[in-house]
Amino acid sequence: MDNLNTTSSMPSVCPVCHQSVLPQYYFCPNCGAKLNIAPLSTTLKTQVWIYFLSIILPIFCFLFIGKWPGNKYLKSNDPKAKEIGWFAWALLIISTIVTYWLIYIWTKNAVQSAQNSLNADFGI
Ligand SMILES: [Zn+2]
């Protein structure tokens, strides 16, 4: 009898609104809270795509860094070109800060939701 409880790792009650839900639901039909993480596709096609992206993405970034003319403009004697160089540098720095900030927020949310789902497993 107790086996029934231990084998079901998925919550049968929404951790947010405490409405009863079916174990196979990924989202609560009442409040829309995330109940389970949708299973990731592991087909050969997906694997090839992921590996392809993993190879191509760093190369792509490297090619664009090489093409970035900010430094060339900054070192220019033409004051207008120098101005463009400074502006390009400012944009690059702001964009980098924003990217790291977004990664920080995303990581924090991911950790938070992992903790929440752990709490849900123990029951509220
Ligand atoms: Zn709910």
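Note that the structure is a prediction, hence the values are computed from the model and not measured.

Novice: Is there a simple way to think about a nonpolar patch on the surface in this case?
Specialist: A grouping of Trp49, Ile50, Tyr51, Phe52, Leu53, Ile56 and Leu57 is seen on the molecular surface, where their side chains present a nonpolar patch of about 690 Å² in accessible area. Mapped onto the fold, Leu53 is located in helix H2 (residues 44–67). Accessibility expressed as a relative area gives 33% for Leu53, which makes it partly exposed.

Novice: Looking at this structure, I do not really get the pattern of salt bridges. What am I missing?
Specialist: Should their charged atoms come close, side chains of opposite charge can pair. All told, the structure shown has one salt bridge when counted by the stated rule. Of the charged contacts in the structure, one is a salt bridge between Glu83 and Lys80, with a shortest N-O distance of 3.8 Å. Here Glu83 and its partner Lys80 are both found in helix H4 (residues 79–122), three residues apart, which amounts to about one turn of the helix. The class for Lys80 is exposed, based on a relative accessible area of 51%.

Novice: How should I be thinking about the coordination of the zinc ion in this particular structure?
Specialist: Geometrically, a metal with four donors at the corners of a regular tetrahedron has ideal angles of 109.5 degrees, and one with six donors at the corners of a regular octahedron has ideal angles of 90 or 180 degrees. Those protein atoms acting as donors to the zinc ion are Cys14 (SG), Cys17 (SG), Cys28 (SG) and Cys31 (SG), and they sit at 2.3 Å. Around the zinc ion, the four donor atoms sit at angles spanning 107 to 113°, and that spread fits a shape best called tetrahedral. The motif formed by the donor residues of the zinc ion, counted along the single chain, is C-x2-C-x10-C-x2-C.

Novice: Would you mind going over the nonpolar core with me for this structure?
Specialist: The tendency in soluble globular proteins is for nonpolar side chains to be buried as a group. With five residues, the main nonpolar core is built from Cys14, Val21, Cys28, Ala33 and Leu35. Setting aside anything within four residues of it in sequence, one finds Cys14 in contact with Gln19, Val21, Cys28, Cys31, Ala33 and Leu35.

Novice: Help me understand the packing of aromatic side chains, please; the structure alone is not making it clear to me.
Specialist: Centre-to-centre distance and the angle between the planes together describe a pair of aromatic rings. Scanning all chains against the criterion turns up four aromatic pairs. Ring plane angle 25° and centroid distance 6.0 Å describe the contact between Trp49 and Phe52, whose orientation is recorded as stacked. Remark: Phe52 and Trp49 occur in helix H2; sequence separation between them is three residues, near one turn of the helix. Look at Phe52 and you get partly exposed, because its relative accessible area is 43%.

Definitions and cut-offs
Residues numbered from 1 in each chain as written. Predicted model: local features only at pLDDT ≥ 70, side-chain atom pairs only at ≥ 80, totals over all residues. Heavy atoms only, no water. Patch = residues over 30% accessible without salt bridge, like charges linked within 9 Å, V, L, I, M, F, W, Y side chains within 5 Å. Areas by Shrake-Rupley, 256 points an atom, 1.4 Å probe, with all protein chains shown as cover. Salt bridge = Lys/Arg side-chain N within 4 Å of Asp/Glu carboxyl O. Helix = DSSP H or I, 4+ residues; strand = E, 2+ residues; numbered from the N terminus. Buried < 20%, exposed > 50% of the residue type's maximum accessible area, 1.4 Å probe, protein only. Donors = N, O, S within 2.8 Å, 3.2 Å for Na, K, Ca; no water. Tetrahedral: all angles 85-135°; square planar, octahedral: opposite > 155°, others 65-115°. Core = buried A, V, L, I, M, F, W, Y, C linked by side-chain atoms within 4.5 Å. Contact = heavy atoms within 4.5 Å. Phe/Tyr/Trp six-rings, centres within 6.5 Å; stacked < 30°, edge-to-face > 60°.

Taken by themselves, the reported measurements are silent on function.
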